[in-house]
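Each chain, letter by letter, is given below.
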Amino acid sequence: MKGLVFLLALFASSAALAQWNNPIDGYCNGEYHIVGTVGLGVGELQINDEQDFAGYGSIGVTPDAGIWQVELRYTGFDDGSVSVDQWGIGAKVDFTMTCDVQCLYWMVGWNYGEFDVDTITRREGIYAVNDDTDDSYWNAGVGYRYKWTESFNTSIEYNYNDVDARVRYVDDVTEERFKLGHLRTLTLNFSFEF
């Protein structure tokens, strides 16, 4: 019974707090903005050391001042030998905390990635792995943003993803495990606030 009373008190106080600082009300009052972003660029997964197309899309929220942003994010990368589908949550924070027209920002996040590996290239030859794996890992990066209008900005962003996944290769002679290594991306982003 004490546990039930405690939970009811907790829910009641949480509801009162939510009433006092409701993010939906904040959005309706113009205190927060939804941010949609599309990024196009290049990526490189360490295992094959080959650069190819990388892109991402995200939806996030930022306060009216725009000095920080929290986002849900999808990143895709495919170098012809390995394809990556990555989902994550992250934060971007302006270095100076006074971002107006242009600013430098840092970012950090946590991701879940799915990796479909066809081949791995080594000095001794090409391994036909044909395996897939998944992993969860952190990312960090920096970016430079320029606001063209109140609601539209572009940015250049470098992101380092600390992938630790491994895949297995087995044939009649050898059995090996390959670590995929980090995924790095450099993208040009287009963001719209509404």
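Scope of this entry: the structure provided in the associated data block.

The rules we used
Each residue is numbered by its place in its chain's sequence as written, counting from 1. With pLDDT at 70 or above as the cut-off, local features in this predicted model cover only qualifying residues; side-chain atom pairs require 80 or more to be listed or tallied, and sums for whole chains, interfaces and linings still use all residues. Calculated side-chain values reflect all of the structure's heavy atoms, with hydrogen atoms and water omitted. Strands here are runs of E lasting at least two residues and helices are runs of H or I lasting at least four, both read from the DSSP assignment and numbered beginning at the N terminus. Only protein chains enter the accessibility calculation, which uses a 1.4 Å probe; a residue is then buried when its area is under 20% of its type maximum, exposed when over 50%, and partly exposed in between. Only heavy atoms matter for contacts: two residues are in contact if any of them lie within 4.5 Å across the pair. Only the protein chains shown count as cover for residues, with accessible areas throughout obtained via the Shrake-Rupley method and a probe of 1.4 Å. The definition of a nonpolar core used throughout is a set of buried Ala, Val, Leu, Ile, Met, Phe, Trp, Tyr and Cys residues joined through side-chain atoms within 4.5 Å. Two strands pair under a simple rule: DSSP has to find at least two bridges between them. Here an axis means a line fitted to C-alpha atoms, over the contact stretch when the element is a helix, while the angle between two N-to-C directions is reported on a 0 to 180 degree scale. Pairs of N or O atoms are called polar contacts if they sit within 3.5 Å, as long as, within protein, a hydrogen donor faces a hydrogen acceptor (for residues adjacent in sequence, only side-chain-to-side-chain pairs).

**Section: the overall build of the protein**
Turning to step 1, where the next piece is worked out: Of the regular secondary structure elements, the protein holds two helices and 10 strands.
Turning to step 2, where the next piece is worked out: The order of α-helices and β-strands along the protein, N terminus first, is α-α-β-β-β-β-β-β-β-β-β-β.
Turning to step 3, where the next piece is worked out: Considering the protein as a whole, with its 194 residues, one finds that 39% of them fall into the buried category.
Turning to step 4, where the next piece is worked out: In the protein, the proportion of contacts linking residues at least 24 apart, taken out of those at least 6 apart, comes to 58%.
Turning to step 5, where the next piece is worked out: Taken as a whole, the protein presents about 11300 Å² of accessible surface, with 60% of it coming from carbon and sulfur.

**As for the nonpolar core**
Turning to step 1, where the next piece is worked out: In terms of nonpolar packing, the biggest core is built from 19 residues, with Leu45 and Leu180 touching the most fellow members.
Turning to step 2, where the next piece is worked out: Every element with two or more residues in this core is listed here: strand S4 (82-94), strand S5 (102-122), strand S6 (125-147) and strand S8 (166-170).

**A look at the sheet that holds strand S3 (residues 68-78)**
Turning to step 1, where the next piece is worked out: Taken together, the eight strands give a closed barrel; going around it, the order is S1-S2-S3-S4-S5-S6-S7-S10, and neighbouring strands pair in antiparallel fashion. Recorded for the sheet is a direction-independent mean angle of 20° between the axes of neighbouring strands.

**Details of the environment of Phe152**
Turning to step 1, where the next piece is worked out: With respect to the helices, strands and loops of the structure, Phe152 is situated in strand S7 (residues 152-161).
Turning to step 2, where the next piece is worked out: By relative accessible area, Phe152 is classed as partly exposed at 29%.
Turning to step 3, where the next piece is worked out: Considering only alpha carbons, one finds Phe152 and Phe192, 40 residues apart in sequence, at a separation of 4.7 Å.
Turning to step 4, where the next piece is worked out: With near-sequence residues (within four places) excluded, Phe152 lies in contact with Lys147, Phe190, Ser191 and Phe192.

**Brief notes about the environment of Lys179**
Turning to step 1, where the next piece is worked out: For Lys179, the location among the structural elements is in strand S9 (residues 175-179).
Turning to step 2, where the next piece is worked out: On the accessibility criterion, Lys179 (42% relative accessible area) is partly exposed.
Turning to step 3, where the next piece is worked out: Lys179 sits 16 residues away from Val163 along the chain, and the two C-alpha atoms are 8.7 Å apart.
Turning to step 4, where the next piece is worked out: With residues near it in sequence (within four places) discarded, Lys179 still touches Ile47, Val163, Asp164, Ala165 and Arg166.
Turning to step 5, where the next piece is worked out: Among the polar contacts made by the side chain of Lys179, one reaches the side chain of Asp164 at a distance of 3.1 Å.

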